[in-house]
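So you can see what is in the structure, the chains are spelled out below.
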There are 2 protein chains.
Amino acid sequence: MSNHPLIIHITKHVNLTEAQIAIVLSRFQLQTFAKKEHLLKEGNICKNIFFVTKGCLRLYFINEKGQEQTIQFALETWWMTDLMAFEKSGESGFSIQALEKVEVMVITHESLEKLLLEIPQLERYFRKVYQRAYSASLLRVKYLYTMPKEVFYEHFTSLYPEFVQRIPQKVLASFLGFSPEYLSELRKKKTLEKK
Amino acid sequence: MSNHPLIIHITKHVNLTEAQIAIVLSRFQLQTFAKKEHLLKEGNICKNIFFVTKGCLRLYFINEKGQEQTIQFALETWWMTDLMAFEKSGESGFSIQALEKVEVMVITHESLEKLLLEIPQLERYFRKVYQRAYSASLLRVKYLYTMPKEVFYEHFTSLYPEFVQRIPQKVLASFLGFSPEYLSELRKKKTLEKK
DNA sequence: CGGATCGTTGATCAACTTCAACGGTCGTGG
DNA sequence: CCACGACCGTTGAAGTTGATCAACGATCCG
């Protein structure tokens, strides 16, 4: 039995033999990145997918106004890549950056394809991973449509209070979809209300 | 060889034997719905997933102001369900309605689970389906964040000009995330520009 | 210690919503 | 097949929300 975070996560969804566990672990590579370091830069070929074992990542792009727009975070046990570019091994439309010192398990698209053929149970595992990610993404779209930004802010901070502490406000503002100035105003409003 | 749309779609991604094709087809049920008819109503248990073979569907919910908010369409060869509720066989947060006369292939969650165990290649097929859906959804989130609504409107109408003709304006407006009145204004503006 | 970046504040402005009223059209029952 | 009612799309006025810009103080990092 392995107690590696990746294996723990996989075997929550499918069973693997000891031999298969060994194969899986042998195909991934452990990498660490310092705070603010890039795992992928916009315009580069996206060869890798990352499984976060420590720290956190952000996925962002530069919008037409030249500002960084964060659209995704990844904490421990989350997968992260520019999925569209990864699948085609094409140019990425996003950058991936470490928000803190991170530890990730990395595998290339090519290796992963081989691994999926060798261990077909992994298809089931990834089917479940993507299915959850997709349904979460739809829920998020629902929120983006209907929640006034103020409510979206409250919602997010009450769901992930510790996480909100860890990241720069401007990154949070851009993820929530509004300007840093407006976030500032909301924070002020909230602290006044509490008194 | 079957030339059923569902089988054609599956065998684009994975190979199936004749026997397996027969099994797959036997587990799905063909259903038709009239325009405006509901395939699922908000609050009901979501037992089914639908594969559209003719016509089109919308996924929507009622927001806090009591208005219908459409967040997803499904055309031919698209899958449709309230994925989160489907996976848990729980109460749906969405309704699914036919925008035109539709033909769908239906399967229950229970049947699909059995089928996946019998024909493991289908795990690979659904892995790919969800992976694409997820990456498309992320791209959509990107658009929602950055595109001014006017640009989003142009983008959508140029991508799906025929489709825009087929659906009521208020449904389109809600999908694009703005009021029918504003859509009206945009349309007027565009037709003036063309002259 | 020094420079650059970050968060805050206030003023102005644009995008989009809401509301109310009107004409057109769609589909339903007679 | 027609007539009526309901709903849909359009228009304009008034009101909100949140962006932008500029300026300042704080803080982080080298």
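For the structure, see preceding data.
None of these values were measured; they are calculated from a predicted model.

1. Remarks on the packing of aromatic side chains
All names here are of chain A.
Turning to step 1, where the next piece is worked out: The final tally for this structure, using the stated rule, is 24 aromatic pairs over all chains.
Turning to step 2, where the next piece is worked out: Aromatic pair Y125 and F126: ring centres 5.0 Å apart, planes at 70°, arrangement edge-to-face. Comparing Y125 with F126 shows no difference in burial state: the two are buried.
Turning to step 3, where the next piece is worked out: The structure contains a cluster of three or more aromatic residues connected by ring pairs, namely F28, F51, W79, Y125, F126 and Y130.
Turning to step 4, where the next piece is worked out: When the ring centre of Y60 is taken as origin, the NZ or CZ atom of R58, which lies over that ring, is 4.0 Å away.

2. Concerning the relation of the copies chain B and chain A
Turning to step 1, where the next piece is worked out: The two copies are related by a screw motion: chain B maps onto chain A through a turn of 180° and a shift of 0.0 Å along the axis, at an RMSD of 0.0 Å. Taken together, the rotation angle and the small translation identify this as a two-fold axis.

3. A closer look at the pattern of salt bridges
Turning to step 1, where the next piece is worked out: Under the counting rule described, the total for this entry stands at 22 salt bridges over all chains.
Turning to step 2, where the next piece is worked out: R166 of chain A is paired through a salt bridge with E100 of chain A; the nearest N and O atoms lie 2.7 Å apart. Taken as a pair, R166 of chain A in helix α7 (residues 161-166) and E100 of chain A in the loop between β7 (95-98) and β8 (102-108) lie far apart in primary sequence, 66 residues in all.
Turning to step 3, where the next piece is worked out: Across the salt bridge formed by R124 of chain A and E113 of chain B, the nearest N and O atoms sit 3.5 Å from each other. In this pair, R124 of chain A sits in helix α5 (residues 121-146) while E113 of chain B sits in helix α4 (residues 109-118), so the two residues belong to two different chains.
Turning to step 4, where the next piece is worked out: A relative accessible area of 17% places R124 of chain A in the buried class.
Turning to step 5, where the next piece is worked out: Overall, the relative accessible area of 21% leaves E113 of chain B in the partly exposed class.
Turning to step 6, where the next piece is worked out: Because the salt bridges share partners, they merge into one network encompassing E113 and E123 of chain A together with R124 and R127 of chain B.

Analysis parameters
Residues numbered from 1 in each chain as written. Chains lettered and ligands numbered in written order. Predicted model: local features only at pLDDT ≥ 70, side-chain atom pairs only at ≥ 80, totals over all residues. Heavy atoms only, no water. Phe/Tyr/Trp six-rings, centres within 6.5 Å; stacked < 30°, edge-to-face > 60°. Buried < 20%, exposed > 50% of the residue type's maximum accessible area, 1.4 Å probe, protein only. Lys NZ or Arg CZ within 6 Å of the ring centre and 35° of its normal. Least-squares fit on C-alpha atoms with pLDDT ≥ 70 in both. Salt bridge = Lys/Arg side-chain N within 4 Å of Asp/Glu carboxyl O. Helix = DSSP H or I, 4+ residues; strand = E, 2+ residues; numbered from the N terminus.

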